[in-house]
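Chain and residue survey
Now for the letters of each chain:
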Amino acid sequence: MVNQQPHFRLREVTVKSIISASKLADYALNPYAGCQHGCVYCHARFATRFSHPNEEWGSFVDVRVNAPQLIEREARRNRPGGVFISSVSDGWQPMEERYQITRQCLEALIKHHYAITIQTKSVLVRRDFDLLEGHPSVELGMTLTTTEAEVAALFEPGAPAPEERIEMLSGANRIGICTFVFLGPLLPYISDRGKGLKDLLDTIVRVNPDYFLVDRLNPRYGIWPSLSAAVAKYDPALVPKYREILYDRQIRECYTRKLYQRIITEARQHGLTDKLRPCF
Ligand code: SF4
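First, a word on what this report is: a plain description of the structure on this page. If you're wondering where the values come from, they're calculated on a predicted model, not measured in any experiment.

With respect to the overall build of the chain
Check the secondary structure of the chain and you find 10 helices and 11 strands. For the chain, whose C-alpha radius of gyration is 18 Å, the value lies close to the compact-globule estimate of 19 Å for 280 residues. The principal-axis extent of the C-alpha atoms belonging to the chain is close to 50 × 45 × 30 Å. Going through the 280 residues of the chain one by one, you find that 54% of them count as buried. A sequence separation of at least 24 residues applies to 77% of the contacts in the chain between residues at least 6 apart. Computed over 36 positive and 32 negative side-chain charges, the inter-centroid distance for the chain is 6 Å.

Brief notes about the packing of helix α7 (residues 194-207) against helix α10 (residues 249-269)
Interaxial distance between α7 and α10 falls to 10 Å at its minimum, and their mutual angle equals 45 degrees. Judged by the inter-axis angle, α7 sits oblique to α10. Crossing angle aside, the handedness with which α7 passes α10 is right-handed. Contact residues: α7 offers Leu197, Lys198 and Leu201, while α10 offers Arg262, Glu266 and Ala267.

Side note on the packing of helix α1 (residues 67-77) against helix α3 (residues 101-111)
It is at 8 Å that the axes of α1 and α3 come closest, and there the two elements cross at 15 degrees. Here α1 lies roughly parallel to α3, going by the angle between them. The hand of the α1/α3 crossing is right-handed. Contacts between α1 and α3 pair Ala67, Pro68, Ile71 and Glu72 from the former with Ile101, Gln104, Cys105, Ala108, Leu109 and Lys111 from the latter. Of the residues belonging to the contact of α1 with α3, the class tally is seven nonpolar, one polar and two charged.

Analysis parameters
Residues numbered from 1 in each chain as written. Predicted model: local features only at pLDDT ≥ 70, side-chain atom pairs only at ≥ 80, totals over all residues. Heavy atoms only, no water. Helix = DSSP H or I, 4+ residues; strand = E, 2+ residues; numbered from the N terminus. Rg over C-alpha atoms; globule rule 2.2 N^0.38 Å. Buried < 20%, exposed > 50% of the residue type's maximum accessible area, 1.4 Å probe, protein only. Contact = heavy atoms within 4.5 Å. Lys, Arg positive; Asp, Glu negative; His and termini not counted. Charge placed at Lys NZ, Arg CZ, Asp CG, Glu CD. Axes fitted to C-alpha atoms, helices over the stretch in contact; angles between N-to-C directions. Parallel < 35°, antiparallel > 145°, perpendicular 65-115°, else oblique. Left-handed = near helix turned anticlockwise from the far one by under 90°. Nonpolar A, V, L, I, M, F, W, Y, C, P; charged D, E, K, R; others polar.

Below, the structure written as structure tokens:
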């Protein structure tokens, strides 16, 4: 499903630099600012809080049209290393089909021998398997917060359905691309326990990635209005529980401890302990 905000705004921009230092790898690369997937819990809002102060997250995208050319320039002065695509947007969001900026960036990064880690919710990345296949230093990650299409449509309104993403990653696995799954953020009372969590771990068994990461819901900048609205649509009774888990320190600590235990137990029961990498 494509996020169709009635007031969607697209801008083509040029930027001064494109490869930035990152905690996720040596470097991060964001060919776009803003993201059409419009996830209600998205941490990336902070990155556009000054450039798009009054615009709703998911309703704008800046296309950094000179990104591939900048890589050519910056590759000459940067130390070699790993690049994460993308840290504050999805490099394969729907706009990429038309612009192919991320694909051109991939070509430039591969030419300059960077290691590449991709994390996406998009199935469009399949278009670029020809670049990734056989590359020794590429890993492809897919984000999943729930296996339920209706839940994903509420919390990640512009992203492809979970089953489509799972198919995409299975396809990458079949052709030998190194893969991982990012389960996060787990949605409290929805996919962080019981059948919701079990279904996610069943999916890991089915896809058989090289490893999988798990993260909790975090109190990121500016998320509460969109997150609470989605939770209210799912079940209004959960809104105060989400507020406590996010913003009450004691409850959050208790929640985190119990969540960690549930994940460890579920991973053990699924025979996945060796592949589990908790992020908290
Ligand atoms: S896909 Fe990632 S960057 Fe895009 S809105 Fe969702 S969480 Fe944010």
